[in-house]
Amino acid sequence: MMVPGRTLQRFARFVLPEHICDQIVDAQLADFQHEWAQASSAHARALILIRGYLAFCVLLASCAVGMRGVAGDERRALRRVFAIALVVTALALTGVVMYAVRYLGFGRLPLHASPAMLAMLRRERLLTLADLVNQLLPFAVAFGLVSGIAAGLQRHASRASSRVVLAAAVISCVILFAATNWMMPLGIQSFRYLRAPTLGELGRSVAVVEQTRTNGPGTIRGAQLGYHLRWAWPFATFALGLFAISLKHRGRAVRIGLGIASCAIYLYILRAFVVDLVWTSHLPPILLAWLPNLVFVALSIVIMTMSRRPAAEASLTAETR
Amino acid sequence: VNTAKTDLPRLSATEHLILDLLSGEEMFGLQLVEESNGALKRGTVYVTLGRMQDKGYVESWTETPAPEAIGLPRRLYRPTGYGLRVLQAWAAAARTMQRLPRVRHA
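Scope of this entry: the structure provided in the associated data block.

What counts and how
- Residues numbered from 1 in each chain as written.
- Chains lettered and ligands numbered in written order.
- Predicted model: local features only at pLDDT ≥ 70, side-chain atom pairs only at ≥ 80, totals over all residues.
- Heavy atoms only, no water.
- Helix = DSSP H or I, 4+ residues; strand = E, 2+ residues; numbered from the N terminus.
- Buried < 20%, exposed > 50% of the residue type's maximum accessible area, 1.4 Å probe, protein only.
- Contact = heavy atoms within 4.5 Å.
- Areas by Shrake-Rupley, 256 points an atom, 1.4 Å probe, with all protein chains shown as cover.
- Pairing = 2+ DSSP bridges.
- Axes fitted to C-alpha atoms, helices over the stretch in contact; angles between N-to-C directions.
- Expected span 1.5 Å × (residues − 1).
- Bend = angle between axes of the 7 residues up to and from the residue.
- Phe/Tyr/Trp six-rings, centres within 6.5 Å; stacked < 30°, edge-to-face > 60°.
- Parallel < 35°, antiparallel > 145°, perpendicular 65-115°, else oblique.
- Nonpolar A, V, L, I, M, F, W, Y, C, P; charged D, E, K, R; others polar.
- Polar contact = N/O pair within 3.5 Å; in protein donor to acceptor, adjacent residues only side chain to side chain.
- Buried area = accessible area lost by both parts, 1.4 Å probe.
- Salt bridge = Lys/Arg side-chain N within 4 Å of Asp/Glu carboxyl O.
- 1 Å grid on protein atoms, 1.4 Å probe; cavity = no way out; pocket = protein on both sides within 12 Å on 5 of 7 lines; lining within 4 Å.
- Points joined across faces, edges and corners; volume = space filled by probe spheres on them.
- Patch = residues over 30% accessible without salt bridge, like charges linked within 9 Å, V, L, I, M, F, W, Y side chains within 5 Å.

### As for the overall build of chain B
Point 1. A tally of regular secondary structure across chain B gives four helices and three strands.
Point 2. In chain B, which comprises 106 residues, the proportion classed as buried is 33%.
Point 3. In chain B, the share of contacts with a sequence separation of at least 24, taken over all contacts with a separation of at least 6, comes to 53%.
Point 4. Summed over its atoms, the accessible surface of chain B is roughly 6,900 Å², and 53% of this surface lies on carbon and sulfur atoms.

### Structural notes on the sheet that holds strand E3 (residues 75-79) of chain B
Residue and element names in this part refer to chain B.
Point 1. Taken in spatial order, the three strands make up an open sheet running E1-E3-E2, and their pairing is antiparallel. Every interior strand has two partners, whereas the edge strands, strand E1 (27-28) and strand E2 (58-62), have only one.
Point 2. As judged from the two bridges shared by E1 and E3, these two strands associate in the antiparallel manner. By the bridge assignment, Met27 is partnered in E3 with Tyr77.
Point 3. Of the strands in this sheet, E1, E2 and E3 touch helix H1 (residues 13-22), which is tilted by about 95° from E3.
Point 4. Strands E2 and E3 of the sheet are contacted by helix H3 (residues 45-55), whose axis makes an angle of about 115° with E2.

### Things to note about the environment of B:His16
Residues and elements named next belong to chain B.
Point 1. As for its position among the elements, His16 is in helix H1.
Point 2. In this structure His16 comes out as partly exposed when scored by relative accessible area, which is 25%.
Point 3. Sequence-wise, His16 and Leu87 are 71 residues apart; in three dimensions their C-alpha atoms are separated by 6.8 Å.

### Structural notes on helix H10 (residues 252-280) of chain A
Residue and element names in this part refer to chain A.
Point 1. A rise of 1.5 Å per residue sets the reference length of H10, with its 29 residues, at 42 Å; its end C-alpha atoms lie 40 Å apart and thus fit the reference within 8%.
Point 2. The sharpest bend along H10 comes to roughly 25°, located at Ile269.
Point 3. Listed in full, the buried residues belonging to H10 are Arg255, Gly259, Ser262, Cys263, Tyr266, Ile269, Leu270, Val274 and Val278.

### Focus on the packing of aromatic side chains
Residue and element names in this part refer to chain A.
Point 1. Within this structure, the stated rule accounts for 12 aromatic pairs over all chains.
Point 2. Centre to centre, the rings of Phe139 and Tyr266 are 6.1 Å apart; their planes meet at 35°, and the pair counts as tilted. Pair noted here: Phe139 is in helix H5 (residues 115-152) and Tyr266 is in helix H10, with a separation of 127 residues, a long-range link. Accessibility classification places Phe139 together with Tyr266 in one group, the buried group.
Point 3. With a centroid separation of 4.9 Å and an interplanar angle of 45°, the aromatic rings of Phe177 and Trp231 are classed as tilted.

### Looking at the packing of H1(B) against H3(B)
Residue and element names in this part refer to chain B.
Point 1. Relative orientation of the contacting elements H1 and H3 amounts to 85°, with a least axis distance of 11 Å. In this view, H1 runs roughly perpendicular relative to H3, as classed from their interaxial angle. Between H1, through Thr14, Glu15, Ile18 and Leu19, and H3, the contact on the second element is made entirely by Val45, Thr48, Leu49, Arg51, Met52 and Lys55.
Point 2. Grouping the constituent residues of the contact of H1 with H3 by class yields five nonpolar, two polar and three charged.

### Here we look at the packing of helix H6 (residues 159-189) of chain A against helix H7 (residues 199-212) of chain A
Residue and element names in this part refer to chain A.
Point 1. Running from N to C, H6 and H7 point in directions that differ by 90°, and their axes come no closer than 9 Å. One finds that H6 runs roughly perpendicular with respect to H7. Contacts between H6 and H7 involve Phe177, Asn181, Trp182 and Gln189 on the former and, on the latter, Leu199, Gly200 and Glu201.

### Some thoughts on the side chain of A:Asp26
Point 1. Within the secondary structure, A:Asp26 sits in helix H2 (residues 18-38).
Point 2. Among the polar contacts listed, one links the side chain of A:Asp26 to the side chain of A:Gln9, at a separation of 3.3 Å.
Point 3. Setting aside its immediate chain neighbours within four residues, A:Asp26 contacts A:Gln9, A:Arg13, A:Cys21 and B:Leu72.

### Re the interface of chain B and chain A
Point 1. Contact with chain B, which involves 19 residues of that partner, is made by 23 residues of chain A.
Point 2. In total, about 1,800 Å² of surface goes out of reach between chain B and chain A, with carbon and sulfur atoms giving 60% of it.
Point 3. Across the chain B-chain A interface, the total number found is two salt bridges.
Point 4. As a salt-bridge pair, A:Asp31 and B:Arg74 come within 2.8 Å of each other at their nearest N and O atoms.

### A few points about the layout of surface pockets
Residue and element names in this part refer to chain A.
Point 1. Space inside the largest pocket adds up to approximately 770 Å³.
Point 2. Considering the residues around the largest pocket, the lining is formed by 29 residues, among which Gln135, Leu136, Trp233, Leu270 and Arg271 are closest to the centre.
Point 3. For the lining of the largest pocket, the elements supplying multiple residues, two or more each, are helix H4 (72-103), H5, H6, helix H8 (216-232) and H10.
Point 4. It is H5 that provides the largest number of residues to the lining of the largest pocket, a total of eight residues.
Point 5. Split by residue class, the lining of the largest pocket holds 19 nonpolar, six polar and four charged.
Point 6. Approximately 570 Å³ is the volume attributed to the second largest pocket.
Point 7. As for the second largest pocket, its lining consists of 21 residues, of which Arg159, Ser162, Lys248, Met304 and Arg308 are closest to the centre.
Point 8. Broken down by element, the residue count for the lining of the second largest pocket peaks at seven residues, all from helix H11 (residues 285-320).
Point 9. Residues that form the lining of the second largest pocket fall into these classes: 10 nonpolar, seven polar and four charged.

### Quick word on a nonpolar patch on the surface
Point 1. On the surface, A:Leu283, A:Ile286, A:Leu287 and A:Leu294 cluster together to form a nonpolar patch covering roughly 320 Å² of accessible area.
Point 2. Inspection of the secondary structure puts A:Leu287 in helix H11.

Here you go:
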């Protein structure tokens, strides 16, 4: 019989220190598996499965936020990382809102309109603004996290604290994925504003475009790209966060510079290459949507492999002395 | 003496409840959740148990799995002697606090 929880265990071992997994995560998964095996019906098993997976998410978040297995000074550094990340995210979003209000005409209303018309226009613009914030939220969080890691993380931070930051990035991705694709669009739609589709609604509209084929292959590929971007966009936090962590052996100034540059390059790849390639190449839209994330994950792996070698050589030299 | 900065053992409400439940018999984490009637959650109880283990209030070990058992071996928890003494001291302190007369300022 296939027991649930094996993938969860592997994932926990990847993001959390081993003794935490042995002591806490395995205990939870063992009870979860036992409860699942004892269930009498398929309905009860499904319920246990949902409850077990939710409990695992809470457990993982508690271990990451509680920073279990991280030394005292590194714990302070991690708190600094998250504080900077929060502040920068809030500032970035405020900047976007102010820019939209000031330069995109959100603040300007017709002078001689009736009060009812003004109220309707205000409501419409507020909801458009909410949709804009929803679309930009994943990148603002990614930028905030990168800034936090670059400015707050200690140089040569331990593997445990890197894992905590990485776990926070993964959790952020999952929350952002759910928030930007379902929660926020549904919230905006509840005000009878229908230009913010959920992921499911977008998928259905792409299927309609594919079936009718009235607008040519370019439009179909454009619609497909839009759909896959909704999947890939929240995971920018993970890709850029991983890239920022890979720079942990560099000085703070270098990290901040490269962190900001990485965010700019991410946007450049997205705007200049991905949008261009969807019209000019035959590459599948799913690959194009994930391209910026893949580039940064690959870059991070290369940098981590390269920085591991000098660190090992340095420790060997220190030992021989 | 500033008690906030000394190394006096501390017991949160959740830790108190867990020690109370464990003082009767050794239990699994999920059993504790069921026995607590909703006061303990299955997502947080293991983290609390881990923290209590670090403080030395409880000890744990994995059960020997039965031959037909599937999945990971389960972890059993029981209070240490120190944990029980802290619980008793905490209860005594609570009783003393309750007996203190309330002084109302005019």
